[in-house]
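# Structural overview for review
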Amino acid sequence: MTTATPELDVLRHSAQEACALLKALSNPDRLMLLCEMAQGEKTVTDLQEALGITQPTLSQQLAVLRAQALVDTRREGKNIFYRLASPQAMAVMQVLYQQFCEPRQAHKRKSKGNAS
């Protein structure tokens, strides 16, 4: 019978945390919300207008992100501001941007240049 070592316990805990983050990112609405917040603090209205997510869905997905401690909020008058709170989520968002968004932006720039 083998027993878990402390190192293995730490590794298992880290794997569980990584899986929880990836699960949160696996929803397209949540992924787009985090992408917007990676650019800076946003109000609910900013997020709704930028992404076209309807209010009920937006509220539900923001609640999931808050429950996972991926975002923080602050209130100013009637406005609630959201910001990315997880350094791990920010790091993953940066990699996703580099892999999926930058190549498309470069391709669009090339296409516009060739259209002239």
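Refer to the structure above for everything that follows.
Conventions used here
- Residues numbered from 1 in each chain as written.
- Predicted model: local features only at pLDDT ≥ 70, side-chain atom pairs only at ≥ 80, totals over all residues.
- Heavy atoms only, no water.
- Helix = DSSP H or I, 4+ residues; strand = E, 2+ residues; numbered from the N terminus.
- Buried < 20%, exposed > 50% of the residue type's maximum accessible area, 1.4 Å probe, protein only.
- Contact = heavy atoms within 4.5 Å.
- Arc of directions from axis to C-beta.
- Phe/Tyr/Trp six-rings, centres within 6.5 Å; stacked < 30°, edge-to-face > 60°.
- Lys NZ or Arg CZ within 6 Å of the ring centre and 35° of its normal.
- Pairing = 2+ DSSP bridges.
- Axes fitted to C-alpha atoms, helices over the stretch in contact; angles between N-to-C directions.

### As for the overall build of the protein chain
- Regarding its fold elements, the protein chain presents five helices and three strands.
- The order of helices and strands in the protein chain, counted from the N terminus, is α-α-β-α-α-β-β-α.
- Counting all 116 residues of the protein chain, 23% fall into the buried class.
- Expressed as a percentage of contacts within the protein chain between residues at least 6 apart in sequence, the contacts between residues at least 24 apart total 50%.

### Comments concerning helix α3 (residues 44-51)
- Along α3, the residues classified as buried are V44, L47 and L51. One side of α3 holds all its buried residues, which, seen down the axis, span an arc of 65 degrees.
- Residues of α3 that are buried make contact with α2 (28-38), β1 (42-43), α4 (55-67) and β3 (79-84).

### Overview of the environment of R74
- Note that R74 resides in strand β2 (residues 71-76).
- Accessibility expressed as a relative area gives 32% for R74, which makes it partly exposed.
- When the C-alpha atoms of R74 and T43 are compared, they prove to be 9.5 Å apart, with 31 residues separating the residues in sequence.
- For R74, the contacting residues outside a window of four places in its chain are E41, N79, I80, F81 and R83.

### Here's the deal with the side chain of K42
- Its location among the elements puts K42 in strand β1.
- For K42, the contacting residues outside a window of four places in its chain are E36, M37, L47, I80, F81 and Y82.

### Overview of the packing of aromatic side chains
- Inspection of every chain in the model, using the stated rule, returns zero aromatic pairs.
- If you follow R74 out to its NZ or CZ, it ends over the ring of F81, 4.2 Å from the centre.

### Focus on the environment of T57
- Residue placement: T57 occurs in helix α4.
- Between the C-alpha atoms of T57 and D29, which are 28 residues apart in sequence, the distance is 8.4 Å.

### Examining the sheet that holds β1
- In space, the three strands of this open sheet follow the order β1-β3-β2, with antiparallel pairing throughout. This sheet does not close on itself; its edge strands, each paired only once, are β1 and β2.
- Here β1 runs beside β3; their pairing, made up of two bridges, is antiparallel. Considered in β3, the bridge of K42 is made with Y82.
- Of the strands in this sheet, β2 and β3 are in contact with α4, which crosses β2 at around 115 degrees.

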